[in-house]
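The residues making up each chain are set out below.
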Amino acid sequence: MKTNKTFRELCKEAKAAPTPLKALISKAMEATGKNERTVRNWAAGAVRPGKGDIEALAKALDAEPDTLF
């Protein structure tokens, strides 16, 4: 199906689309109830989440808790 959008509009939409990392961060935020800064600190290795958060992440990501952190 052809679009009636301009190239500029298509680029703007593509820029606004979530990246795989942003989607993962959002999923982690939703699973744990933590804010974006906290989750990004976990990703950077600056802070280690508590046991409950690790278990919630493991369940949401279908991963083993022992291997996440």
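Structure: see above.
Since the model is a prediction, treat every value here as computed from it, not as a measurement. (Residues numbered from 1 in each chain as written. Predicted model: local features only at pLDDT ≥ 70, side-chain atom pairs only at ≥ 80, totals over all residues. Heavy atoms only, no water.)

Caption draft 1: Structural context of the pattern of salt bridges. Across all of its chains, the model carries four salt bridges by this definition. When the shortest N-O distance is used, the salt bridge between Glu-36 and Lys-22 registers 3.3 Å. You can see Glu-36 sitting in helix α3 (residues 36-44) and its partner Lys-22 sitting in helix α2 (residues 20-32), a full 14 residues away along the chain. The salt bridge partner of Lys-34 is Asp-53, with a shortest N-O separation of 3.7 Å. Within this pair, whereas Lys-34 is found in the loop between α2 and α3, its partner Asp-53 is found in helix α4 (residues 51-61), the two being separated by 19 residues in sequence. Classification of Asp-53 by relative accessible area gives buried; the value is 16%. Overlapping salt bridges, with partners in common, bring together Lys-22, Glu-36 and Arg-40 in one network. (Salt bridge = Lys/Arg side-chain N within 4 Å of Asp/Glu carboxyl O. Helix = DSSP H or I, 4+ residues; strand = E, 2+ residues; numbered from the N terminus. Buried < 20%, exposed > 50% of the residue type's maximum accessible area, 1.4 Å probe, protein only.)

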